[in-house]
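In case you want the letters, here they are:
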Amino acid sequence: MNIDKLYRAYIALKVPNPFTLDDIDKRLKQRYKAKEVDVNCFADLAKDPCANFKDAVKAYKFRDKTVIEEIFKFNDETGTFLGRNYLKNNLIIESKDGIYMSAATCQGGSGLLMCELRVFGGIEKEQQVVGNQDFEYYLKCLYLAGYIQFENDSYYEVACQRMRMNRDKRKIDIF
């Protein structure tokens, strides 16, 4: 697997860029069985200097056991154990314009949901150049989140294993 192969697959891909709030809602509910809840369930985020709770428009909880296993497949053993047994897995979406996501808070530390958030945000056309670190990160997130798939792909499990070993989730070193 290499970045050129991901890029060629991306060219043929029909995925929103960026996702609308409706696109995000549909993906989270269909793929991850997310339950939408009132954003005020997370009103304590108003005290978080990194969150803009005033812009919070959607909130989701992830409680299905099979989904919990899925969303923690990139986490190391400790993160997976905590995510399965103790942490609340929630996603709070912010939007400044009511159409697109402007930011999000991911509670529970799911590596897969962090990849999804990167995909939801999209990438500008001018940045879509192989060699651009942000674009390559975006392509890897598309692959890891399942938007880009290859027939008989034996490499995907290797990529998941490398993600579990990777301590810096902002840099995806799967090749």
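Residues numbered from 1 in each chain as written. Predicted model: local features only at pLDDT ≥ 70, side-chain atom pairs only at ≥ 80, totals over all residues. Heavy atoms only, no water.

**Describing a nonpolar patch on the surface**
A cluster of nonpolar side chains, namely Phe81, Leu82 and Leu87, defines an oily patch on the protein surface of about 250 Å² accessible area. Tracing the backbone shows Phe81 in helix α4 (residues 77-85). Using a relative accessible area of 43% as the deciding quantity, one classes Phe81 as partly exposed. (Patch = residues over 30% accessible without salt bridge, like charges linked within 9 Å, V, L, I, M, F, W, Y side chains within 5 Å. Areas by Shrake-Rupley, 256 points an atom, 1.4 Å probe, with all protein chains shown as cover. Salt bridge = Lys/Arg side-chain N within 4 Å of Asp/Glu carboxyl O. Helix = DSSP H or I, 4+ residues; strand = E, 2+ residues; numbered from the N terminus. Buried < 20%, exposed > 50% of the residue type's maximum accessible area, 1.4 Å probe, protein only.)

**Comments concerning helix α2 (residues 21-32)**
Note: α-helices contain 3.6 residues per turn, so residues at a spacing of three or four share the same orientation. Taking 1.5 Å per residue as the helical rise, α2 with its 12 residues ought to reach 16 Å, and the 16 Å between its terminal C-alpha atoms agrees with that figure. Residues of α2 that are buried include every one of Leu21, Ile24, Asp25, Arg27, Leu28 and Tyr32, and no others. The buried residues of α2 occupy one face: seen down the axis, they fall within an arc of 165°. Of the exposed residues in α2, those oriented more than 90 degrees away from the buried face are Asp22, Lys26 and Gln30. In this structure, the buried residues of α2 make contact with β1 (35-37), β2 (56-62), α3 (65-71), β3 (89-94) and α5 (111-121). (Expected span 1.5 Å × (residues − 1). Arc of directions from axis to C-beta. Contact = heavy atoms within 4.5 Å.)

**Quick word on the pattern of salt bridges**
Scanning the entire structure with this criterion turns up 10 salt bridges. Residue Glu70 is joined to Arg31 by a salt bridge in which the shortest nitrogen-to-oxygen separation is 3.0 Å. Of this pair, Glu70 sits in helix α3 while Arg31 sits in helix α2; the two residues are 39 residues apart in sequence, bridging distant segments of the chain. Overall, the relative accessible area of 31% leaves Arg31 in the partly exposed class.

**What to know about the packing of helix α1 (residues 3-12) against helix α6 (residues 133-144)**
Angle between the axes and distance between the axes are the two parameters that describe a pair of packed helices. Their axes nearest at 10 Å, the elements α1 and α6 cross at an angle of 75°. One way to sum up the angle between α1 and α6 is to call them roughly perpendicular. Where α1 abuts α6, its residues Ile3, Leu6, Tyr7 and Tyr10 lie against Phe135, Glu136, Tyr138, Leu139, Lys140, Leu142 and Tyr143. Classifying every residue of the contact of α1 with α6 gives 9 nonpolar, no polar and 2 charged. (Axes fitted to C-alpha atoms, helices over the stretch in contact; angles between N-to-C directions. Parallel < 35°, antiparallel > 145°, perpendicular 65-115°, else oblique. Nonpolar A, V, L, I, M, F, W, Y, C, P; charged D, E, K, R; others polar.)

**A word on the environment of Tyr155**
In this fold, Tyr155 is placed in helix α7 (residues 155-165). With relative accessibility at 16%, the residue Tyr155 sits in the buried group. Polar contacts involving the side chain of Tyr155 include one to the side chain of Arg162, which spans 3.2 Å. (Polar contact = N/O pair within 3.5 Å; in protein donor to acceptor, adjacent residues only side chain to side chain.)

**Digging into the packing of aromatic side chains**
The full count for this structure, using the stated rule, is 8 aromatic pairs. Taken together, a centroid distance of 6.5 Å and an interplanar angle of 25° make the contact between Phe135 and Tyr138 stacked. One end of the pair is Phe135 and the other is Tyr138, both in helix α6 and 3 residues apart, which spans about a single turn. One exposure class covers both Phe135 and Tyr138, and it is buried. Consider the rings of Tyr143 and Tyr156, whose centres lie 5.5 Å apart with planes at 75°: the pair is edge-to-face. Residue Tyr143 is found in helix α6, and its partner Tyr156 is found in helix α7; the two are separated by 13 residues along the sequence. Considered together, Tyr143 and Tyr156 belong to a single accessibility category, that of buried residues. (Phe/Tyr/Trp six-rings, centres within 6.5 Å; stacked < 30°, edge-to-face > 60°.)

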